[in-house]
Amino acid sequence: MRARNTIAAILFGCSGLLLSAQQAGQNPLPSFRSGTELVTVDVGVVDKQGQPLRDLKPSDFTVTVGGQPRRVITAEFIDVAALQPGAPGRDQIVPLSTNEGGGVGRLFVFIVDQSTLDPGGLRDVARAASGFLDRLTFADRSAMMVLPVGPTIEFTWSHDRVREALQRVPGTPRTLSTWDSGSLSEARDIANRGTFALRAVAERECGLSGGSISASSAGAAAGPVGAPTGGATGPGPAGGGGGTGAPAGGAGGAGGAPTGGGTATGAGGSGGGGATGGAGVGSIFGRDSCSRDLQMQAESTWRVAQMTSQASLMSLRQVLSKLARVRGDKTVILISGGWPLDEREENSILSSVATEAAAARATLYTLFVPTSSFSADRRMMSTSPARDQYLHSGPLDTLAQMTGGAYFRAEVNADAAFSRLGRELTGYYRVGVEKDPTDLDGKARHLKVRVARSGATARARELFDLRAYEDRDWAARLGSALDAPIPATGLGLRVTSYLAADPDDRSRVKLVIAGEASRMQPGEATVQVVLRDLDGKKVLSAEPPVPETHGDGMSFSTNFPVMPGSYIVRIAIMDSAGRVGSVEHRVEARAVPLGAFSATGPLLIGVPDAPETAPRVLLDSVQQGERLALEVDLQGETAKLAGAAVVFDIAASADGPALIQANASLTPDLKGGSMLAQAVTDVRVLPPGTYVVRATVKSGGDPVGDLRRTLAVTSAVPIARADGSAAETVVGRTAPAAASIRTVGAVRPFRFDQVLAPKILNAFLDRVAARPDSAAPGIHDLLERARAGSLGDLIVPQSVAADAPVAAFVRGLSLLSQKQLDPAAEAFRSAIRVSADFYPAMVYLGACYAAGGHDKEAAAAWRTALIKEGETVAVHQLLADALLRQGQRDLAFEAVSGALARWPQDEDLKRQFAVAALVAGKYAEGLQAVDELIAAHADDEPSLSLALLTLYEAFESDRPVGSIEQDRARMVRLADAYRARGGPSLALVDAWVAAAAPK
């Protein structure tokens, strides 16, 4: 009942969160030389195959910011793949969620540049991206944005939504172009007044002679059409008409500049009229209609390409501006057909985009999807496909390098690109460099990271920008910690969850959240909790009051009822310095079907020995100095619940043998239809390590299923040898509630055969028969019938027992054999009242006390009985056991030592002596006694298990009984003896031996 009250108080008696200050020192920040502050830079370092290098040291990195070297202090490799938590399955233990390290998840943004992709061009990319998305975890977030106008999928843990949206992006149908006479690179060159490009196309398309082309080309070199002054000269074509004139007219044969500055040679015709915007030379750019058509088509084509690129870049910058409002580093996968840009403007345009990417903390990985070089609406294929592809892909490559990402091509099969991308993103380095006072001035500086390793490629953003999220107001920080896709990491947080029955509404379950915060500033703290469903819809939110923290850590727990379903819990904490941390945890809030029942749990509660320390819902570990309370809720039909049973055990693995086992006490709900199973056990006999707690549910004696949970046992102070106060079970042996931890499995509980076995009973009957009053009529017959073993059939009237002490004694024996303890005790007291020297009655009165759990009274009775029954070894043994069960170790050792001195050959006394010596701290004497028992083949399981526990504790506390080598050899020898006996705690013995083995 005490355990039930403890757990119920934790679960349902609290309003809001339960918090308790922890000692400083949990999850400490790295410490460096005094005065050194760090700024971290994320750097990907891969080999030629795209595999992250994992063995680099700070000395392998060279970092410059704004051209100035920075001292590299740390270089921590973040193994993203190893840190990603998996989704919980049916048999998987509920996971721990944390915002520490790479395990907090990543942000992936797919940006599809739709206007640059052919219809169907994204199909293969979307298929390959599906495999990439399959490898993301719940901790990751993915989003998709289509340029220029959507649709948009906001950051989500439902990666299927992004996958489906990618598959639905159709691309943009090709706009019918008037330019089908050459390549896009030729159109660009012609639009930029590239004479040779126009000459080549004109030769191909207009059939101009080589001489005409040559002369025209020379004229074309005179200057661009409409040049304000045409100071260059150029030959005019022989016999040709006049060139395009200046407004005032030009000289024959050569199109004059506005002032007639251009001259020409050759037999030209009369000068042409002054056409506005004329070239001022007799060039092919204005000579005939075919050339003029080519020129206009090229200029139009290049202008459209430029407009498309500019529109895509403008949309991309808008997306980056939006991403800048989302905290955390983002990996952007840009899928595009490319951006043809003017060479004179390309660098400045892309630098501006890279600056905005740095502000958004976005690393761009660009995936180039080439458009088809031939289609039904074109007369001919591109004459320079390689140049055309570079014209499209070059800016993508440059932008990826500027932002610290990588460039990939997806010409035939995009699987290779996503496979390489997936490898590169499996790990990165968090490089800590010395902070400079200018880092927070809001100015971006050029960042360069180099790695001293042959064949390695370092990827880092080219711009170093430390504009601070910390500068926002505190309310915005906490709100962002709750709503941002990736949790905040200013404070360390770890959380887990449990399920329990809701006593107020069986259609709901209680969701219990337990967690720990670290790196906190002492003072007032704020906690907020938000629960959402898997579609992101908010189900509930709360801001429970919390006490001030006094150390740098805090443990907390809270609970609230929910309907069965799948949920995401986000918890955010802000300390008194305004630092925030948040974490997300996925919960499957459903009871588990087990046969005819449904069950929730097991709920694990740490119960400290110190009464002033409150119990707490365990996160993932319990200290050796604590007791462990366990709870499972069962629901089902009332009639079937009546035949239910629950057994708790702790094992080294999910399917391993039980190391500790406890039968649960079952408390039915007053309303019917549910049952609460609880137990308390001690974990001090377990070596530090990770274990599995199992709750096996039985119906009618047969197992119907189990619930499991992992739990770590951590070292505490040296294992206590003081008295405990809770019942615990090492498999096969039970210790009473008041037993010391050392007595677990070793001290015998009282058994009726200790006083009613024929050998012991007949010895007492013989002494009673020697009494003078045994000769009374009918008394001798009663004694003989008792000696014959028919105690249960003896009927001694109360009227007879009232006046005859022997008759009262026999009546007491009869009642004791029927386990009627109180009437039996009264009968023995009656015998003692009539005859004060009736010491056999005192022995059996003590048995009544011991059978009822009153060892203190039993010991007092047996100590009195020794006045006359000191020659009976059984009384000495009964007294020693009672003292051990009380925890009176020294008195027990004294009692059994005296008895052994009188009966040195009694093997049962030797075994009792070994146990009493070990429990009393007489380790050398106790272990020597166990060795002698083994040599005489008189050892038993309790003495062996206690001896092994003693040696294990000696190793744990670093206080060997002999030398370490002697203790270890003895432990191996005792373990071999234990295995030979096949004791029920063999798995625990093996754990002790393994813990003491040389490391």
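Reading the values: the criteria
Sequence order as written defines residue numbering, which begins from 1 separately in each chain. Totals for whole chains, interfaces and linings use all residues, but because this is a predicted model, local features are given only for residues with pLDDT of at least 70 and pairs of side-chain atoms are given and counted only at 80 or more. To obtain the side-chain values, all non-hydrogen atoms of the structure were used and water was disregarded. What counts as a helix is a DSSP run of H or I of at least four residues, what counts as a strand is a run of E of at least two, and both are numbered from the N terminus. Here, two residues are considered to be in contact whenever any of their heavy atoms come within 4.5 Å of each other. Salt bridges are identified by distance alone: a Lys or Arg side-chain nitrogen within 4 Å of an Asp or Glu carboxyl oxygen. Each residue gets one of three labels from its accessible area relative to the maximum for its type: buried under 20%, exposed over 50%, partly exposed in between, using a 1.4 Å probe on protein chains only. A pair of Phe, Tyr and Trp rings is counted when the ring centres sit within 6.5 Å of each other, with Trp represented by its six-membered ring. The angle between the planes then sorts it: under 30 degrees is stacked, over 60 is edge-to-face, the rest tilted. Remark: a charge is flagged as sitting over a ring if the NZ atom of Lys or the CZ atom of Arg is within 6 Å of the ring centre and within 35 degrees of the ring normal. Throughout, a disulfide means two cysteine sulfur atoms within 2.5 Å of one another. Grouping buried Ala, Val, Leu, Ile, Met, Phe, Trp, Tyr and Cys residues that are joined through side-chain atoms within 4.5 Å yields what is termed a nonpolar core. Angular values range over 0 to 180 degrees, each being the angle between N-to-C directions of two axes fitted as lines to C-alpha atoms, with helices fitted over their stretch in contact. Put simply, angles under 35 degrees are roughly parallel, angles over 145 are roughly antiparallel, angles from 65 to 115 are roughly perpendicular, and the rest are oblique. Only when DSSP finds a minimum of two bridges between them are two strands counted as paired. For every residue, the predictor states its confidence as a pLDDT score lying anywhere from 0 to 100. What a helix is expected to span follows from its residue count: subtract one and scale by 1.5 Å. Picture the helix axis, draw a direction to every C-beta atom, and the arc is the one those directions span. By convention a crossover is right-handed if, when the strands point away from the viewer, the path from the first strand over the helix to the second runs clockwise.

Draft legend 1. The overall build of the protein, seen in detail. Within the protein, the secondary structure is distributed over 28 helices and 36 strands. For the protein, long-range pairs separated by at least 24 residues make up 72% of all intrachain contacts whose partners lie at least 6 apart in sequence.

Draft legend 2. Region of the structure containing the pattern of salt bridges. In the structure shown here, the tally under the stated rule is 52 salt bridges. A salt bridge links R127 to D124; the shortest N-O distance between them is 2.7 Å. Note that R127 and D124 are positioned in helix α3 (residues 123-134) at a spacing of three residues, about one turn of the helix. Since its relative accessible area comes to 42%, R127 is described here as partly exposed. The partly exposed category is assigned to D124, whose relative accessible area is 24%. Among the salt bridges present, the one from R787 reaches D766, with a minimum N-O distance of 2.4 Å. With R787 in helix α16 (residues 779-787) and D766 in helix α15 (residues 758-769), the pair connects residues that are 21 residues apart, well separated along the chain. The network of salt bridges with common partners includes R748, D881, D908, R911 and D940.

Draft legend 3. Just the packing of aromatic side chains, in detail. Evaluation of the coordinates by the stated rule reveals 14 aromatic pairs. With a centroid separation of 5.1 Å and 65 degrees between ring planes, the pair formed by F77 and Y429 is classed as edge-to-face. Residue F77 is found in strand β5 (residues 72-79), and its partner Y429 is found in strand β13 (residues 427-434); the two are separated by 352 residues along the sequence. For the pair formed by F77 and Y429, the shared burial category is buried. The structure contains a cluster of three or more aromatic residues connected by ring pairs, namely F764, F809, F828, F838 and Y844. Sitting above the plane of the Y498 ring, R709 keeps its charged end 3.8 Å from the centroid. Over the face of the ring belonging to F764 we find R767, whose NZ or CZ atom lies 4.8 Å from the ring centre.

Draft legend 4. Up close: the state of the cysteines. Within the structure shown, the criterion is met by one disulfide. Covalent S-S linkage joins C206 and C290, the inter-sulfur distance amounting to 1.8 Å. On the sign convention where negative is left-handed, the bridge of C206 and C290, at about -85 degrees about the S-S bond, is left-handed. Here C290 lies in helix α8 (residues 289-323) and C206 lies in the loop between α6 (195-205) and α7 (210-220), a separation of 84 residues in the sequence.

Draft legend 5. Structural detail: the nonpolar core. Membership of the largest hydrophobic core comes to 131 residues, with the highest contact counts inside it found for L686, Y844 and W862. Not counting the four nearest positions on each side in its chain, W862 is found in contact with F750, M842, V843, G846, A847, A850, V875, L878, L879 and A882.

Draft legend 6. Just the packing of helix α5 (residues 184-191) against helix α10 (residues 385-402), in detail. Viewed as axis vectors pointing N to C, α5 and α10 meet at an angle of 75 degrees, and their least axial separation amounts to 7 Å. The angle between α5 and α10 falls in the class roughly perpendicular. Each of L184, S185, R188 and D189 in α5 lies in contact with α10, whose residues at this interface are R387, D388, L391 and H392.

Draft legend 7. Structural view of the sheet that holds strand β16 (residues 463-464). Taken together, four strands build an open sheet; the order of strands is β4-β3-β14-β16 and the sheet is antiparallel. The open sheet has two edge strands, β4 (68-70) and β16, and neither has a second partner. Of the pairings in the sheet, the one linking strand β3 (residues 61-65) to strand β14 (residues 445-451) comprises five bridges and is antiparallel in character. Residue pairing for β14: T64 is matched across the bridge by K448.

Draft legend 8. Structural view of the sheet that holds strand β12 (residues 407-409). Taken in spatial order, the six strands of this open sheet run β9-β8-β7-β10-β11-β12, and their pairing is mixed. Where the open sheet ends on each side, the last strands, each with one partner, are β9 (152-156) and β12. Going from strand to strand, the sheet's axes swing by 20 degrees on average, the running direction of each strand aside. In terms of strand pairing, strand β7 (residues 107-113) meets strand β10 (residues 330-336) through six bridges, oriented parallel. Its bridge partner being in β10, F110 is matched across the sheet by I333. Packing against the sheet, α10 makes contact with β10, β11 (362-368) and β12, and its axis sits at approximately 160 degrees to β11.

Draft legend 9. View of the environment of V43. Looking at the element boundaries, V43 is found in strand β2 (residues 38-46). Residue classification places V43 among the buried residues on the basis of a relative accessible area of 1%. Excluding anything up to four places from it in sequence, V43 contacts F61, Y428, Y429, V431, V449, A458, R459 and A460.

Draft legend 10. Region of interest: the confidence of the model for the protein. In the predicted model, the protein carries a mean pLDDT of 78, and 79% of its residues have values of at least 70. In the model of the protein, strand β1 (residues 18-22) stands out as the element of lowest mean pLDDT, 32, in contrast to helix α20 (residues 839-851), which has the highest, 93. Counted against residues more than four places away or in other chains, residues 210-284, with its pLDDT under 50, gives 118 contacts.

Draft legend 11. The arrangement of unusual backbone geometry in detail. Between L147 and the following residue, P148, the backbone shows a cis peptide bond with an omega angle of 10 degrees. Tracing the sequence through the fold places P148 in the loop between β8 (141-147) and β9. Each neighbour pair has its own omega, and for G601 with P602 the value is 0 degrees, a cis peptide bond. Note that P602 resides in strand β25 (residues 597-608). The phi dihedral of K819 is positive, around 60 degrees, even though this residue is not glycine. Assignment of secondary structure puts K819 in the loop between α18 (805-817) and α19 (821-834).

Draft legend 12. Molecular detail of helix α27 (residues 964-981). Here α27 contains 18 residues, and its C-alpha end-to-end distance of 26 Å stays within 8% of the 26 Å for a straight helix at 1.5 Å per residue. Those residues of α27 not exposed but buried are D967, R970, M971, L974, A975, A977 and Y978. An end-on view of α27 places all buried positions within 160 degrees of arc, on one side of the element. Within α27, the exposed residues directed more than 90 degrees away from the buried face are E965 and A980. Its buried side turned inward, α27 meets α25 (923-935), α26 (941-957) and α28 (986-996).

Draft legend 13. Region of interest: the pairing of β8. Counting buried residues along β8, seven of its seven residues qualify, which places the element largely inside the surrounding structure. By the alternation rule, side chains of β8 split into R141, A143, M145 and L147 and S142, M144 and V146, which are all buried. Examined bridge by bridge, β7 and β8 share seven bridges and lie parallel to one another. By the bridge assignment, F108 is partnered in β8 with S142. With α3 bridging β7 and the parallel β8, this β-α-β connection has right-handed handedness.

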